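Single-letter residue listing:
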Amino acid sequence: MTFLAYLYDSLDLQILAICMPVIITSLNISLTDAGLLSSATMIGTALGGILFGWIAENFGRKNAAVISLVEFGVFTLAVYWCNSWEELMVLRFLQGIGMGGLWGPIVALIADHWAPRYRARAAGFMLSTFALGGILASVMGRFLLSEVGWRMLFALTGTAILVGLLFWLVVPADEKHVAKQEKPRISLSQLFQPGIAKLTIGATIAAACQMGGFWGVSAWIPTYLVNVRGLSIEYMSVFSIVIFAGAFVGYFLFAALADRIGRRNALMLAFLADSIIVPLYVLIPDGIFLFWISPIMGLSFGGVFGLFGSYFAELFPLHIRAMGSGFAFNIGRGIGAVVTPVTIGAMAKSHGLGFGIGACSVVFFTGVIVLFFMPETLSAKSSPNSSPHPVPGDKAAARGGTQASAAEA
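Just so we're clear, the structure is a prediction, and the values are computed from it rather than from any experiment.

Participant: An account of the overall build of the protein is needed here, citing residue identities and associated values.
Facilitator: From N to C terminus, the protein includes 18 helices and zero strands. When each of the 409 residues of the protein is scored for burial, the buried share is 62%. Restricting the contact set of the protein to residue pairs at least 6 apart, pairs at least 24 apart contribute 86%. Carbon and sulfur atoms make up 71% of the accessible area of the protein, which totals about 14600 Å².

Here it is as C-alpha cells:
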C-alpha cells in the first residue's frame, strides 16, 4: 500500500509539469507566473512535512498517511473547476500540504518493519513509484491531454482519495503508537536538540540541493523541449517517459549499491552524476542522441530519491523517525523547489531556458559537498533500529529488524 500511496504523490506533481505548456496558454500567464505554481506547491509540502510529521509521531503514522492522501486528493480534484491563475495557486498550495505530509510517515513505516540489510532496497522499491508516477503522468499527457484537457487530468489524479480510504482499510495500525499515552508528547523542538540538530540541518540542505536541482530541471524540461527544441506535446511526453524509466531503474541500482558501499557514498555518487549529466542534456544539439541520454539523467535522479528514504530514516532516533525524515525532506523540498523554478523562469527572460536548466548542475554539486560532512549510517546496521540514537526501553525498536508483511511494505 505504501507503494501505491506514493505513486499519487509523484503523479500529482508531474501532472503539473506535463500540463504546464497548456496551462500557460489556457490561463495566459508568464513563465515566472508558471514557476510560481510549482513554488506554491513546494511551500505547501514544507508545511505539510512539519504538520503531518508531528501527527505521525503523536497519533500514528498510518493515520497521518491516510489523512494526507485524502487531503491532497480533495484539492487535486477541485482543480477541475479552476478558472484563474489565482485559484490554481491556492489549490496547489493546499495540495502541497497533503503531499508533503505523506513522505515521512510511509518512509518511517518501511524503516520500522524492515531489517537494516534490506532497508535501502525496500525503501527504494517503495519510492520507485515516484518514477512510475512520472511515467503515468507522461502517458496521460501523451494520450489524454489533447483529448480531455488539463483540468480532467487533475481530476483523475484526485482518485488519491480512494487510495487513502483503501490504505485505512488494509494497513494495520503501527504498533509503536498503541500505548502512546504512556509516552511524552513529541515536539518539533526535539529535532534541534544537541546531537540531532546537525543531522536535521545537514539532511535538510541535502534535500534542498536535490529538490532544487530536480524541480528546476523537471518543471521546465517539458516547456524547454516544446518552446526551445520545437518538439510537439506528444513527442515531449515520450522524452518524459524515458527520463522516468531511467529513474525507475536508478532506484534499484543505487539501492543495491548503497548496501555495498554505504548510503552516503552512494548518494554522493548519484549527486555527482546529476551535476555532470544535466548540462550535457541542454548542450547536446542532436535530438536523437538527446533522447538516448535522457534515461541516463533519470538514473541518477532516481538514485538520490530512493536513497533518501533509508538514509534519512536511519539518521534519526526511532521515536522521531517520521518527523525527522519528513521535516528534512519536505523543508528541503520546499526551499529548493520554491527558489529554483522561479529563478529559472526569470533566467529564461535574459539568458534562455537552456542556461537556467544547465545551471542546476551547480545545485547538485553542492549536494555532494554537503553529504561529505554527513555521517554514514550503514555501519550502524547492527543496531535494531539502525539509528545512532536508539530509544532505551522502546519495544518497537526491538522489532525494527523484522520484515514487513506484504500489506505494510
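Moving on, there is more to tell.
Participant: For empty space enclosed by the protein, give the residues involved together with the corresponding values.
Facilitator: Across all of its chains, the model carries three cavities of 30 Å³ or more by this definition. Put simply, the largest cavity is a space of about 110 Å³. Forming the boundary of the largest cavity are 14 residues, of which Ser218, Ile221, Ser240, Ile243 and Phe244 lie nearest the centre. Where the lining of the largest cavity is concerned, the elements lending two or more residues are helix H1 (2-27), helix H6 (129-143), helix H10 (197-218), helix H11 (221-227), helix H12 (233-261) and helix H14 (287-315). In terms of residue class, the lining of the largest cavity is built from nine nonpolar, five polar and no charged.

Participant: Explain helix H5 (residues 116-127) to me, and be specific about the residues and the numbers.
Facilitator: Here H5 is twelve residues long and its end C-alpha atoms lie 17 Å apart, about the 16 Å a rise of 1.5 Å per residue gives. Within the span of H5, buried status applies to Pro116, Arg119, Ala120, Ala122, Ala123, Gly124, Met126 and Leu127.

Participant: Give me the lowdown on the side chain of Thr204, citing residues and values where you can.
Facilitator: If you trace the backbone, Thr204 turns up in helix H10. Relative accessible area serves as the criterion here: at 9%, Thr204 is assigned to the buried category. Of note is the side chain of Thr204, whose polar atom sits 2.6 Å from the backbone oxygen of Thr200. Ignoring any residue separated from it by four or fewer positions in sequence, one finds Thr204 in contact with Phe327, Ala328, Ile331 and Gly332.

Participant: I'd like to hear about unusual backbone geometry, residue by residue, with values.
Facilitator: A positive phi is found at Asn28, a non-glycine position, where the angle reads about 55 degrees. If you trace the backbone, Asn28 turns up in the loop between H1 and helix H2 (31-59). Under the relative-accessibility criterion, Asn28 is labelled exposed at 69%.

Participant: Pulling in residues and values, what's your account of the packing of helix H4 (residues 85-113) against H5?
Facilitator: Axis separation between H4 and H5 bottoms out at 9 Å; the angle between their running directions is 145 degrees. Like other packed secondary-structure pairs, H4 and H5 cross with a definite hand, here right-handed. Facing H4, whose interface residues are Trp103, Ile106, Val107, Ile110 and Ala111, H5 presents Arg119, Ala122, Ala123, Met126 and Leu127. The class makeup of the residues in the contact of H4 with H5 is nine nonpolar, no polar and one charged.

Participant: Tell me about H10, and please be specific about residues and values.
Facilitator: In an α-helix there are 3.6 residues to a turn, and that puts residues three or four apart on one side. For H10, with 22 residues, the first-to-last C-alpha span of 31 Å sits near the 32 Å given by 1.5 Å per residue. When you tally the buried positions in H10, you get 19 out of 22 residues, the bulk of the element.

Participant: Explain the environment of Gly306 residue by residue, including any values.
Facilitator: Relative to the helices and strands, Gly306 is located in helix H14. Here Gly306 falls in the buried class, since its relative accessible area comes to 1%. Taking C-alpha positions, Gly306 is 7.7 Å from Phe125, a pair spaced 181 residues apart along the chain. Once residues lying within four places of it in the same chain are set aside, the contact partners of Gly306 are Ala123, Gly124, Leu127 and Tyr251.

Participant: Go over the environment of Arg119, please, and point to the residues and values.
Facilitator: Position of Arg119 relative to the elements: it lies in helix H5. Note: C-alpha distance between Arg119 and Glu314 (195 residues apart in sequence) is 9.4 Å.

Participant: Quick rundown of the packing of aromatic side chains? Include the residues and the values.
Facilitator: Applying the stated criterion across every chain, the model contains 17 aromatic pairs. An angle of 90 degrees between the planes, with centres 6.1 Å apart, marks the rings of Trp150 and Phe154 as edge-to-face. Of this pair, Trp150 and Phe154 both sit in helix H8 (residues 150-157), four residues apart, roughly one helical turn. Relative accessible area serves as the criterion here: at 4%, Trp150 is assigned to the buried category. By way of ring pairs, the aromatic residues Trp103, Phe271, Phe308, Tyr311, Phe312 and Phe329 are connected into one cluster. Looking at Lys62, its charged tip hangs above the ring of Trp168, at a distance of 4.5 Å from the centre.

Participant: An account of a nonpolar patch on the surface is requested, with residue identities and associated values reported.
Facilitator: Among the surface-exposed residues, Leu272, Ile276, Leu280, Phe365, Ile369, Phe372 and Phe373 lie close enough to one another that they form a single nonpolar patch of about 700 Å² accessible area. At the level of elements, helix H13 (263-283) and helix H17 (360-372) are the ones that each hand at least two residues to the nonpolar patch. Topologically, Ile369 is positioned in helix H17.

Participant: Break down the environment of Met374 for me, with residues and values.
Facilitator: Within the secondary structure, Met374 sits in the loop between H17 and helix H18 (395-398). Among residues more than four places away in sequence, those in contact with Met374 are Lys198, Leu199, Gly202, Ala203, Arg264, Tyr311 and Leu315.

What counts, and where the lines are drawn
- Residues numbered from 1 in each chain as written.
- Predicted model: local features only at pLDDT ≥ 70, side-chain atom pairs only at ≥ 80, totals over all residues.
- Heavy atoms only, no water.
- Helix = DSSP H or I, 4+ residues; strand = E, 2+ residues; numbered from the N terminus.
- Buried < 20%, exposed > 50% of the residue type's maximum accessible area, 1.4 Å probe, protein only.
- Contact = heavy atoms within 4.5 Å.
- Areas by Shrake-Rupley, 256 points an atom, 1.4 Å probe, with all protein chains shown as cover.
- 1 Å grid on protein atoms, 1.4 Å probe; cavity = no way out; pocket = protein on both sides within 12 Å on 5 of 7 lines; lining within 4 Å.
- Points joined across faces, edges and corners; volume = space filled by probe spheres on them.
- Nonpolar A, V, L, I, M, F, W, Y, C, P; charged D, E, K, R; others polar.
- Expected span 1.5 Å × (residues − 1).
- Polar contact = N/O pair within 3.5 Å; in protein donor to acceptor, adjacent residues only side chain to side chain.
- Axes fitted to C-alpha atoms, helices over the stretch in contact; angles between N-to-C directions.
- Left-handed = near helix turned anticlockwise from the far one by under 90°.
- Phe/Tyr/Trp six-rings, centres within 6.5 Å; stacked < 30°, edge-to-face > 60°.
- Lys NZ or Arg CZ within 6 Å of the ring centre and 35° of its normal.
- Patch = residues over 30% accessible without salt bridge, like charges linked within 9 Å, V, L, I, M, F, W, Y side chains within 5 Å.
- Salt bridge = Lys/Arg side-chain N within 4 Å of Asp/Glu carboxyl O.

Keep in mind that these numbers describe shape and distance, not what the molecule does.
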